[in-house]
Amino acid sequence: MKSDTIAAIATAPGRGGVGVIRISGSNLLPFAFALTGKTPKPRYATLADFKAGDGTAIDSGLLLYFPDPHSFTGEDVLELQGHGGPVVMQMLLARCLDLGARLAEPGEFSRRAFLNGKLDLAQAEAVADLIDAATTSAARSAVRSLQGEFSKAIHGLTDELINLRMLVEATLDFPEEDIDFLKAANAFGRLENLQIRLAEVFDRAGQGKLLQAGLHVVLAGQPNVGKSSLLNRLAGDDLAIVTPIAGTTRDALRSTIQIEGIPLHIIDTAGLRETEDEVEKIGIERSWREIERSDVVLLLVDARSGVSAADREILDRLPERLQRITVYNKIDLSGAQAERHDEAETTAIALSARSGDGIELLRQELLRIAGWHQTEDVFIARERHLRALAMAQEHIAAARSVVESALPALELFAEELRLAQHALGEITGEFTADDLLGVIFSRFCIGK
């Protein structure tokens, strides 16, 4: 654990009414006095001039002092609240560095809070998720995780595992006691309850992962089938140029919308066709790269002509892992009705991007593919959390198989329970490699 003093601008870049510089370290009262000529009272706002080395005022504002351990990082923390101009903030930060602080690394304040026991790892990640929240639902879920609801659920599962492990280990240590462990400890019932509770937590975390990351949707198809019109309809704005001329869209256009709180990152791509136009070729290459990175591909076809040989070539080239929806656009011209139906390998939606008929069917289909359903008290989660929960489920299932076998081997049972506990511990940080911590906190803001 580093004990040196760190400083960073904690407010967003640019001009604003107020700018904040955060400082964390040991014994910061002399630092505060050198900067302001005042010794601040803990947890009170002190009006002060922030002074340069020659005694001239850099700015005037509020000085707040939070002594350890009652601070965000668990160390002494100073917050300088001044005027939010970028020049004055840089001058004030430079003064802090002159006084012996160093510039904080990305996420270093949150990392110190984690290492000092002020936050567990899931709560620390929720800080970044709250800042990055793209929807109201995501922000509310991040607050739940920050307040410890996710961690509380994980700790509840861990406590159940510990109690079960304790009984198993006692039986292994004292075999002469002749205890019918499986009946006395109700091992099967405990494991079944663990599996049910773990499945509930996994479901809530899975919904939170959707709120955090959203779904990446690519609009693909031949030129002039209405991709840009559909993007504009979904986004509710004229983002893309729409003309009857094939090849109008030359590069990927992006827009983020939300459906029931789920962010959908929609990308309109260049029409996929053979062309001699060098600029259009580059756009088509980029379109295929976007398709490779997407979660869902909407293949647009003209409802009047249906799926052509060229459309089938596009479908055959799509990665197998991708969810796909065939969208029959322009039903306002073909006379067809808006509907959803299943085809051989895809779901099909008939709609009109121009009139909006059938758009709601598409929205609901995207939610279905995402796996979204209304769940109370969703907490924000990340991919690593889901992997850890899935690993814990696998080990508990393996432990149950051991219990249900004709000659249960308690050593194997105990080991599977230990591995399940280890997987859960990775979520909150009880068992986490230092290199993983570095990756997690490096993605935070500098001032966090």
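Definitions and limits used
Residues numbered from 1 in each chain as written. Predicted model: local features only at pLDDT ≥ 70, side-chain atom pairs only at ≥ 80, totals over all residues. Heavy atoms only, no water. Helix = DSSP H or I, 4+ residues; strand = E, 2+ residues; numbered from the N terminus. Buried < 20%, exposed > 50% of the residue type's maximum accessible area, 1.4 Å probe, protein only. Contact = heavy atoms within 4.5 Å. Areas by Shrake-Rupley, 256 points an atom, 1.4 Å probe, with all protein chains shown as cover. Expected span 1.5 Å × (residues − 1). Arc of directions from axis to C-beta. Salt bridge = Lys/Arg side-chain N within 4 Å of Asp/Glu carboxyl O. Pairing = 2+ DSSP bridges. Core = buried A, V, L, I, M, F, W, Y, C linked by side-chain atoms within 4.5 Å. Phe/Tyr/Trp six-rings, centres within 6.5 Å; stacked < 30°, edge-to-face > 60°. Lys NZ or Arg CZ within 6 Å of the ring centre and 35° of its normal. Axes fitted to C-alpha atoms, helices over the stretch in contact; angles between N-to-C directions. Parallel < 35°, antiparallel > 145°, perpendicular 65-115°, else oblique. Left-handed = near helix turned anticlockwise from the far one by under 90°. Nonpolar A, V, L, I, M, F, W, Y, C, P; charged D, E, K, R; others polar.

*Asks:* Looking at this structure, I do not really get the overall build of the protein chain. What am I missing?
*Replies:* When you go through the protein chain residue by residue, the secondary structure sums to 16 helices and 13 strands. Per-residue burial over the protein chain gives 48% buried out of 448 residues. Considering only residue pairs separated by 6 or more positions, the protein chain has 66% of its internal contacts joining residues 24 or more positions apart. Accessible surface, the protein chain: about 21,700 Å² in total, of which carbon and sulfur atoms supply 51%.

*Asks:* Even after reading the chapter, I still don't get helix α8 (residues 187-213), so can you show me in this structure?
*Replies:* Turn by turn, an α-helix covers 3.6 residues, leaving residues three or four places apart pointing in a common direction. An ideal rise of 1.5 Å per residue puts 39 Å on 27 residues; α8 measures up with 38 Å between its terminal C-alpha atoms. Of the residues making up α8, those classed as buried are Ala187, Leu191, Leu194, Leu198, Val201, Ala205, Gly206, Gln207, Gly208, Lys209, Leu210 and Leu211. The positive-phi residue at the C-terminal boundary of α8 is glycine 214, with phi of around 75°.

*Asks:* Looking at this model, I keep getting lost on helix α1 (residues 29-36). Mind explaining?
*Replies:* Every buried residue of α1 is listed here: Phe31, Ala32, Leu35 and Thr36. Seen from one end, α1 has its buried residues packed into an arc of 105°, which puts them on one side. Packed against the buried residues of α1 are β2 (16-25), β3 (46-51), β4 (57-66), β5 (76-84) and α2 (86-98). In the stretch just after α1, glycine 37 is the one whose phi turns positive, near 75°.

*Asks:* Is there a simple way to think about the pattern of salt bridges in this case?
*Replies:* A side chain of one charge can pair with a side chain of the opposite charge when the charged atoms of the two come close. All told, the structure shown has 18 salt bridges when counted by the stated rule. Across the pair glutamate 108 and arginine 102 runs a salt bridge whose closest N-O atoms are separated by 2.5 Å. Judged by relative accessible area, glutamate 108 falls into the buried class, the value being 7%. Where aspartate 302 meets lysine 330, a salt bridge forms, and the shortest distance between an N and an O atom there is 3.9 Å. Of this pair, aspartate 302 sits in strand β10 (residues 296-302) while lysine 330 is found in the loop between β11 (323-329) and α12 (331-334), placing the two residues 28 residues apart along the sequence. No difference in accessibility class separates aspartate 302 from lysine 330, as the two residues are buried. Here the residues in one salt-bridge network are Asp4, Glu75, Arg102, Glu108 and Arg112, joined through shared partners.

*Asks:* Quick question: what am I supposed to make of the sheet that holds β4 here?
*Replies:* Strands belonging to one sheet form pairs held by backbone hydrogen bonds; the direction of such a pair is parallel or antiparallel. Pairing within the open sheet is mixed, and its six strands lie in the order β3-β4-β5-β2-β1-β6. Whereas interior strands pair on both sides, the edge strands pair on one side only; in this sheet they are β3 and β6 (102-103). Inspection of the sheet shows β2 paired to β5 by eight bridges, in the antiparallel sense. Counted as the bridge partner of valine 20 is glutamine 81 from β5.

*Asks:* Explain the pairing of strand β1 (residues 6-9) here, please?
*Replies:* Where a strand is regular, its side chains alternate between the two sheet faces. With four bridges connecting them, β1 and β2 associate as antiparallel partners. Residue pairing across strands places alanine 8 opposite arginine 22, the latter belonging to β2. The antiparallel pairing of β1 with β2 creates a hairpin that spans six residues between the two strands, and glycine 14 there sits at a positive phi of about 110°. Where β1 lies against β6, two bridges are found, and the strand directions are parallel. Of the residues in β6, the one forming a bridge with alanine 7 is leucine 103.

*Asks:* Just checking my understanding: could you explain the nonpolar core for this structure?
*Replies:* Side chains that are nonpolar tend, in soluble globular proteins, to be buried together. Counting 34 residues, the largest nonpolar core has Leu230, Leu298, Ile325 and Leu362 as its most contacted members. If near-sequence neighbours (up to four positions away) are discounted, leucine 230 is found in contact with Leu219, Leu298, Leu300, Leu351, Ala353, Ile359 and Leu362. The next biggest cluster of nonpolar side chains, apart from the first, holds 32 residues, and it includes Leu198, Ala381, Ala388 and Leu410.

*Asks:* For this particular structure, what's the right way to read the packing of aromatic side chains?
*Replies:* How two aromatic rings sit relative to each other is set out by the distance from centre to centre and by the angle between their planes. The final tally for this structure, using the stated rule, is one aromatic pair. On the numbers, 4.6 Å between centres and 20° between planes, the contact of phenylalanine 150 with phenylalanine 379 is stacked. Here phenylalanine 150, found in helix α6 (residues 149-173), pairs with phenylalanine 379, found in the loop between α13 (359-370) and α14 (383-404); they are 229 residues apart in sequence, far enough to count as distant. In this structure phenylalanine 379 comes out as buried when scored by relative accessible area, which is 0%. The aromatic ring of phenylalanine 72 is capped on one face by arginine 22, whose charged end is 5.4 Å from the ring centroid. The ring of phenylalanine 109 carries arginine 22 above its face, with NZ or CZ at 5.6 Å from the centroid.

*Asks:* Teacher, can you tell me more about the environment of asparagine 27 here?
*Replies:* Note that asparagine 27 resides in the loop between β2 and α1. In this structure the C-alpha to C-alpha distance between asparagine 27 and valine 77, which are 50 residues apart in sequence, comes to 9.2 Å.

*Asks:* Can you walk me through the environment of glycine 214 in this structure?
*Replies:* Topologically, glycine 214 is positioned in the loop between α8 and β7 (215-221). When the C-alpha positions of glycine 214 and threonine 256 are compared, they lie 9.4 Å apart, and in sequence the two are 42 residues distant.

*Asks:* What's the story with the packing of helix α4 (residues 121-132) against helix α5 (residues 136-146) in this structure? I'm lost.
*Replies:* Each pair of packed helices can be summarised by the angle the axes make with each other and by the distance between the axes. As a packed pair, α4 and α5 sit with axes 8 Å apart at the nearest point and diverge in direction by 160°. Between α4 and α5, the angle falls in the class roughly antiparallel. Between α4 and α5 the crossing geometry is left-handed. Mapping the contact onto sequence places Gln123, Ala126, Val127, Asp129 and Leu130 in α4 and Ala139, Ala142, Val143, Ser145 and Leu146 in α5. In terms of residue class, the contact of α4 with α5 is made up of seven nonpolar, two polar and one charged.

*Asks:* Help me understand the packing of α4 against helix α15 (residues 410-428), please; the structure alone is not making it clear to me.
*Replies:* Between α4 and α15, whose axes approach to 5 Å, the crossing angle comes to 40°. Regarding the angle of α4 to α15, the classification is oblique. Here α4 contributes Leu121, Ala122 and Glu125 to the contact with α15, which in turn contributes Glu426, Ile427 and Thr428. Residue composition of the contact of α4 with α15, by class: three nonpolar, one polar and two charged.

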